[in-house]
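Examination of the molecular architecture
Next come the chains, spelled out residue by residue.
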Amino acid sequence: MKSSVEQLDPTRVKISVDVPYAELKPSIDEAYKTIGGQVTIPGFRQGKVPARIIDQRVGRPAVIQEAVNNGLDGFYREAVEENDLKPLGQPEVEISEVPGLDGTEDGDLTFTVEVDVRPAIELPAYDTISVEVDPIEVTDDDVDAELEQLRTRFGTLSSVDRPAAKDDFVTLDLVATIDGEEIDTASDISYQVGAGTMLDGMDEALDGLSADETTTFETTFAGGEHAGETGTVSITLSAVKVRELPEADDDFAQLASEFDTIDELRTDLREQAAKQKETDQGAQARDKVLESLIETLNVPVPEKVVTDEVERHLESESRVDDDEHRKEVTEETERNLRTQFILDAIAEAEEVEVTQPELIEYLISASQQYGMNPNEFAQMLDSSGQVNALVGEVSRRKALAAALAGAVVKDTEGNVVDMEEFTTPPEEEAPEGAEDSDETAEDSDETVVAEGDDEK
């Protein structure tokens, strides 16, 4: 087989492939077996019909067509590998010559394929990337905020006889309608006024509302089958409560921690605040390094891949005609693709490998975000063929860490910030039952799921 590639633009190629008849022959023989097992011809057992009889009854062109259909994907994949391409989306195939239609055993199967590909990226030296981050400075206000959060965890709710205000906790019943038709209802919902975590307009409607009072407001639904539609929501308040916090004294320190005094507790909270600021600083540096790469490289993205993804997204939200949202989704899709291309190029250049323990650790973390049991989450990914996508995500995280490790990071005061803690994976043992932890996760999908099963 011979193949050549023509670059149509930075993200699309045309592959020309010539397959000699001899290389198509195994597919032709398999096609005769397949068709012979499907047809019933008097005098011949099914599956034992000679090729010449199949040619007479079914036709040689039908056999060749079956062989081409079955062999085409393999020839395409061989050409992709031979030319070191990274295809994206669905290929468009055009067959120009098919051998063997006249019964002869010469000629070539000739076809072309147009397909979007990952663009070639020339990566910069990492030490040419310089970013600036906020310095680590823990103030008394930071400690007070940590202490306030801790007091909140030990707070109690008490009913009050007054209209609801920001930060109050309310209990309510809710009925949502569109054009007078009820689409949803819920009772005894607990909600903190001002949280902004439910419906647009709800916080404003609750402000000033007393127990046993009802009000309505207009809103645009953000999720579900009615996403993007406008409707009316009726809410009835049944209770207004305020959170009462314990005094920040030695008794509270003994209740909420292992410390005897509030001063000891505040010292510990200061250390916790410092650690959190270090983490935030590392995340800020990581995001700025990625942003620098995206802006510097300006990687092209394939228009068709973007368009197809945007259409799928808008259809899933029933917002195909929302031009403003389409623009937002298009920009986000283009950015996500550029990010993926850059990080994949770094992973390839750095020969990044994802080990089994790394994949399991990320899987557990991701399952928690979805509120799922890690074993069930692993099984869901395996059954839907998403394990390799998870491997890709871990690989890109490691690639970004490699770029961050080589970049120059300074705080706004000019001090160089050491990113080693955020770029060096911790040394840890593989989970119990995991073997060959150094092998790449691509070769270990079944083992990963099996290990999850063992934890049940």
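Residues numbered from 1 in each chain as written. Predicted model: local features only at pLDDT ≥ 70, side-chain atom pairs only at ≥ 80, totals over all residues. Heavy atoms only, no water.

Under an unreviewed UniProt entry, the chain has the name Trigger factor and belongs to Brevibacterium aurantiacum. A UniProt comment under Subcellular location (unreviewed entry) is attached to the chain, and it reads "Cytoplasm". UniProt's Sequence similarities (unreviewed entry) comment on the chain is quoted here verbatim: "Belongs to the FKBP-type PPIase family. Tig subfamily." (UniProt positions renumbered as here; feature names shortened; annotations may be inferred.)

Running from N to C, helix 10 (residues 356-369) and helix 12 (residues 387-406) cross one another at 100°; their axes reach a closest spacing of 10 Å. Classified by the interaxial angle, the pair formed by helix 10 and helix 12 is roughly perpendicular. Contact residues: helix 10 offers Glu358, Leu359, Tyr362 and Leu363, while helix 12 offers Val387, Leu390, Val391, Glu393, Val394, Arg397 and Lys398. When its residues are assigned to classes, the contact of helix 10 with helix 12 shows 7 nonpolar, no polar and 4 charged. (Axes fitted to C-alpha atoms, helices over the stretch in contact; angles between N-to-C directions. Helix = DSSP H or I, 4+ residues; strand = E, 2+ residues; numbered from the N terminus. Parallel < 35°, antiparallel > 145°, perpendicular 65-115°, else oblique. Contact = heavy atoms within 4.5 Å. Nonpolar A, V, L, I, M, F, W, Y, C, P; charged D, E, K, R; others polar.)

This part takes up the pairing of strand 4 (residues 108-117). With 8 of 10 residues buried, strand 4 is to be regarded as a mostly interior element. Inspection of the sheet shows strand 3 (residues 87-97) paired to strand 4 by 7 bridges, in the antiparallel sense. Bridge pairing links isoleucine 95 to phenylalanine 111 in strand 4. (Buried < 20%, exposed > 50% of the residue type's maximum accessible area, 1.4 Å probe, protein only. Pairing = 2+ DSSP bridges.)

Our focus in this paragraph is the packing of helix 10 against helix 11 (residues 374-383). A packed helix pair is summarised by two numbers, namely the angle formed by the two axes and the spacing between the axes. Packing of helix 10 against helix 11 brings their axes to within 9 Å, and their N-to-C directions diverge by 100°. Classified by the angle between their axes, helix 10 and helix 11 sit roughly perpendicular to one another. Along the contact surface, helix 10 presents Leu363, Ile364, Ala366 and Ser367, while helix 11 presents Pro374, Phe377, Ala378 and Leu381. Residues that form the contact of helix 10 with helix 11 fall into these classes: 7 nonpolar, 1 polar and no charged.

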